[in-house]
Amino acid sequence: MTTIAESPVPRIPLDYPSVRDAVADYLLQVNHGVYQPDRKKVLSVRKTDRTAWLRDVSPPVRGEVFYFIEGELFSEKDATRLQNGETPQERAEKLLDGIWPQLQIWIAYDFARSTSGMNAP
Amino acid sequence: MNTVAEHAYLLDPSAPADDMRQDPGQAATHLAAFIRQFVEEDPRNALPEGERLRIWGSPLLGIAAADDPLFTKLKTPGVVGPLHRSPGEWLSGAQSVISWFLPYNKAVRASYPKKSPLPSLAWVSGRRNGEVFNNVLRRAVIRFLEKHGGQGVAPSNEAHYQAIGMIPLWSERHAAFIAGLGSFGIHGALITALGCAGRIGSVITNLVLPPTPRPYREIYEYCPYPDRCGACIPRCPAQAIGAQFGANWRDNARCVIQGRDVVGEFFKDWGYHSCGHCLTWLPCADRIPRASSPRAQTPEAKTRAEEPEPAFLSTV
């Protein structure tokens, strides 16, 4: 039987500051005046450096994956509503505390080269 | 139960949760409707290049009982292997395994060259970006189950999932076989009522759902070889399929090398790889072949097989 030579796989961590800032920007927008969740907003992550930003949903763009803020990233009712005195940055950090390990796994699989595991060569 | 009305992501957090424990039959119907609508509507079911073709057509869905004895049999060396984990080893209290087959959209399938040793851009893009969508679907199904009073685990997206020496801790194809979606071809892919050109996903749940009957008894029941066909053997550019490779009919390493190194090198600038010769331009590409066992001809399969065969089949 033939044997396979393994090749190294780049392991780029998800960029926390850009994810936090994107989520905070979303919170700023939907909490301006009356709280109004926006189900068209997505967190987009770029493959090359795993940085993220906020945009409206659209067909996929090469080299990125995206996740809906409402429902997909944060599924609890009113999760994105700011509490009294809470800043978007503070809320974003709290929200990310709850999903960060899971989000890293999602990203790893969505950018994985093979289906043999998220760290497979 | 609510109808699936919301756009995919779907589940409105403010909507009341339903309990899918009350009526397993209705729960399965509700789940199937959700999955079909999700595949239809989620914007990630599209190629990022060109005309943004849809990658996947309407899926097939099958359900297996988590305690089906075949899951234990998968641990047998030579079947999958001792590393393979049964549903209960992924999710405590597992009751059912939800498995789906996503068939390539006809336009993506037709883009595959008939003669070239290389795939089309649409195919390799669909393979990569379509698997991202498959991940999205796995997560959506889990969220759906949670919303309706259950739990779900997608083994292929778990942090500790891996394949060791090409033996996976969870085999999507074998789970699909147990869930009644189809039997294997000698090319290693599962032949379903919609053919073999597609991808498979699954989620294990603690909800009781009615198992899908398996309309076959044998591993290779839908594959006409060796009595007839064998079209995939000469079509494989890596010569990875054939009786010389023993009971499993193929050399997986040759297959991987072709997809990763040969195709991957050609599509390096695009960031894509993977071959699909054994899934395209074959009698089993989009249906159960007419020449397969009579027992394979379920009502759905018969209807499909009675449709006119595409002209290309006569020129393979």
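Just above sits the structure.
Residues numbered from 1 in each chain as written. Chains lettered and ligands numbered in written order. Predicted model: local features only at pLDDT ≥ 70, side-chain atom pairs only at ≥ 80, totals over all residues. Heavy atoms only, no water.

1. Overview of helix 5 (residues 121–147) of chain B
Residue and element names in this part refer to chain B.
Part 1 of the reasoning: Look at helix 5: 38 Å from first C-alpha to last across 27 residues, which is about the 39 Å you get at 1.5 Å a residue.
Part 2 of the reasoning: Taking the largest bend as the criterion, helix 5 deviates by roughly 30 degrees, centred on arginine 127.
Part 3 of the reasoning: Most of helix 5 is tucked away, with 25 of its 27 residues classed as buried.
Part 4 of the reasoning: In the stretch just after helix 5, glycine 149 is the one whose phi turns positive, near 90 degrees. (Helix = DSSP H or I, 4+ residues; strand = E, 2+ residues; numbered from the N terminus. Expected span 1.5 Å × (residues − 1). Bend = angle between axes of the 7 residues up to and from the residue. Buried < 20%, exposed > 50% of the residue type's maximum accessible area, 1.4 Å probe, protein only.)

2. Details of the interface of chain A and chain B
Part 1 of the reasoning: On the chain B side, the residues contacting the 36 residues of chain A number 44 residues.
Part 2 of the reasoning: Buried area between chain A and chain B, summed over both chains or domains, comes out near 3,200 Å², and the portion from carbon and sulfur atoms is 54%.
Part 3 of the reasoning: At the junction of chain A with chain B, the criterion picks out 3 salt bridges.
Part 4 of the reasoning: Among the salt bridges present, the one from glutamate 49 of chain B reaches arginine 62 of chain A, with a minimum N-O distance of 2.7 Å.
Part 5 of the reasoning: Where chain A packs against chain B, one counts 13 residue pairs in polar contact (both at pLDDT 80 or more).
Part 6 of the reasoning: Among the secondary structure elements, those contributing two or more residues to the side of chain A that touches chain B are strand 3 (64–68) and helix 2 (88–111) of chain A.
Part 7 of the reasoning: For the side of chain A that touches chain B, the leading source of residues is helix 2 of chain A, giving 5 residues.
Part 8 of the reasoning: Its residues assigned to classes, the side of chain A that touches chain B comprises 17 nonpolar, 9 polar and 10 charged. (Contact = heavy atoms within 4.5 Å. Buried area = accessible area lost by both parts, 1.4 Å probe. Salt bridge = Lys/Arg side-chain N within 4 Å of Asp/Glu carboxyl O. Polar contact = N/O pair within 3.5 Å; in protein donor to acceptor, adjacent residues only side chain to side chain. Nonpolar A, V, L, I, M, F, W, Y, C, P; charged D, E, K, R; others polar.)

3. Let's talk about helix 1 (residues 16–30) of chain A
Residues and elements named next belong to chain A.
Part 1 of the reasoning: The first and last C-alpha atoms of helix 1 sit 21 Å apart over 15 residues, in line with the 21 Å expected at 1.5 Å per residue.
Part 2 of the reasoning: Along helix 1, the residues that are buried comprise Ser18, Val19, Arg20, Ala22, Val23, Ala24, Tyr26, Leu27 and Val30.
Part 3 of the reasoning: Where the residues of helix 1 are buried, they touch strand 1 (41–46), strand 2 (52–56) and helix 2.

4. Details of the sheet that holds strand 2 (residues 96–103) of chain B
Part 1 of the reasoning: One open sheet holds the 4 strands; their spatial order is 1-2-8-3 (chain B), and the pairing between them is antiparallel. A strand with exactly one partner marks an edge of an open sheet, and here the two such strands are strand 1 (60–65) and strand 3 (152–153) of chain B. (Pairing = 2+ DSSP bridges.)

5. Some thoughts on the packing of helix 1 of chain A against helix 2 of chain A
Residues and elements named next belong to chain A.
Part 1 of the reasoning: Between helix 1 and helix 2, the least distance of the axes is 9 Å, while the angle of their chain directions is 130 degrees. It follows from the interaxial angle that helix 1 and helix 2 lie oblique. Judged by the twist between their axes, the crossing of helix 1 over helix 2 is right-handed. Judged by residue contacts, Tyr16, Val19, Arg20, Asp21, Val23, Ala24, Leu27 and Leu28 of helix 1 engage Pro88, Gln89, Arg91, Ala92, Glu93, Leu95, Leu96, Trp100 and Leu103 from helix 2.
Part 2 of the reasoning: Looking at the contact of helix 1 with helix 2, its residues break down into 12 nonpolar, 1 polar and 4 charged. (Axes fitted to C-alpha atoms, helices over the stretch in contact; angles between N-to-C directions. Parallel < 35°, antiparallel > 145°, perpendicular 65-115°, else oblique. Left-handed = near helix turned anticlockwise from the far one by under 90°.)

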